[in-house]
Amino acid sequence: MRAKLKTKNIIIIILCITIILMGIGFSIMSVDLNKYTKNKQFDVSIRNVVKGTTTGNKTNPISAYKLLDNNKTVKFTFSLSDITDSINYKVTIKNNGNIDAKIDNIVFSNNYNQDLVEVKNNNLKGKVLKKGEEDNLNIEIVSKKAQTQTPYSFTVSILSSSVN
């Protein structure tokens, strides 16, 4: 009987020590996880917009741009008059965060007549940017038909998500 009681006491002591050690281990692990998640920073934005070449027979196309929405969107305003008019832009997209990010989509919103103007780009959808990495979105605005120099505009928005 004493042997059974002694065995039970040893098992209870071992279980108590195990529970205490598990609590200590969990506390240490949660502190490490907190440090890891607090240091994660997600920031994919438009770093720079450079106007490239403009071509035109009669007049030079007029164009301008403006960064919006914490550099997640750029708004282009332009006027084209001849079928030979075109404007090029290089939009630099950079991952300023410290985690990898994926460009989920690049959304083009416009207020121009698509029969008169065409917007071409090298689609970066699905591109993964490592931390600190950047890539260029090349945009070309081309006149399809001769038209009056009515100002048109369109916006380009970058939608991205974390890879980690």
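Please read all numbers here as calculations on a predicted model, not as lab measurements.

A. Examining the nonpolar core more closely. Ranked by internal contacts, the top residues of the largest apolar core, which has 27 residues, are Phe76, Phe78, Ile93, Ile139, Ile141, Phe154 and Val156. At the level of elements, β1 (44-55), β3 (73-79), β4 (86-95), β5 (101-110), β6 (117-121), β8 (134-143) and β9 (152-162) are the ones that each hand at least two residues to this core. Excluding its chain neighbours within four sequence positions, the residues that come into contact with valine 156 are Ile46, Lys72, Thr73, Val74, Phe76, Ile106, Val107, Phe108, Leu137 and Ile139.

B. Summary view of the sheet that holds β1. The strand order across the open sheet built from 4 strands is β1-β4-β8-β6, with neighbouring strands paired in antiparallel fashion. Where the open sheet ends on each side, the last strands, each with one partner, are β1 and β6. Within the sheet, the average angular offset between the axes of one strand and its neighbour, ignoring direction, is 20°. Taken together, the 9 bridges between β1 and β4 define a ladder with antiparallel strand orientation. For asparagine 48, the partnering residue across the bridge sits in β4 and is threonine 92.

C. Seen up close, the sheet that holds strand β7 (residues 128-129). The sheet built from 5 strands is open, its strands ordered β2-β3-β9-β5-β7 with antiparallel pairing. This sheet does not close on itself; its edge strands, each paired only once, are β2 (62-68) and β7. As judged from the 9 bridges shared by β5 and β9, these two strands associate in the antiparallel manner. Bridge assignment links lysine 102 to a residue of β9, and that residue is serine 161.

D. A look at the pairing of β3. Burial analysis of β3 places 5 of its 7 residues in the buried class, which makes it a mostly covered element. Once β2 ends, the chain turns through 4 residues before running back antiparallel as β3, passing aspartate 69 with a positive phi of about 55°.

The rules we used
Residues numbered from 1 in each chain as written. Predicted model: local features only at pLDDT ≥ 70, side-chain atom pairs only at ≥ 80, totals over all residues. Heavy atoms only, no water. Core = buried A, V, L, I, M, F, W, Y, C linked by side-chain atoms within 4.5 Å. Buried < 20%, exposed > 50% of the residue type's maximum accessible area, 1.4 Å probe, protein only. Helix = DSSP H or I, 4+ residues; strand = E, 2+ residues; numbered from the N terminus. Contact = heavy atoms within 4.5 Å. Pairing = 2+ DSSP bridges. Axes fitted to C-alpha atoms, helices over the stretch in contact; angles between N-to-C directions.

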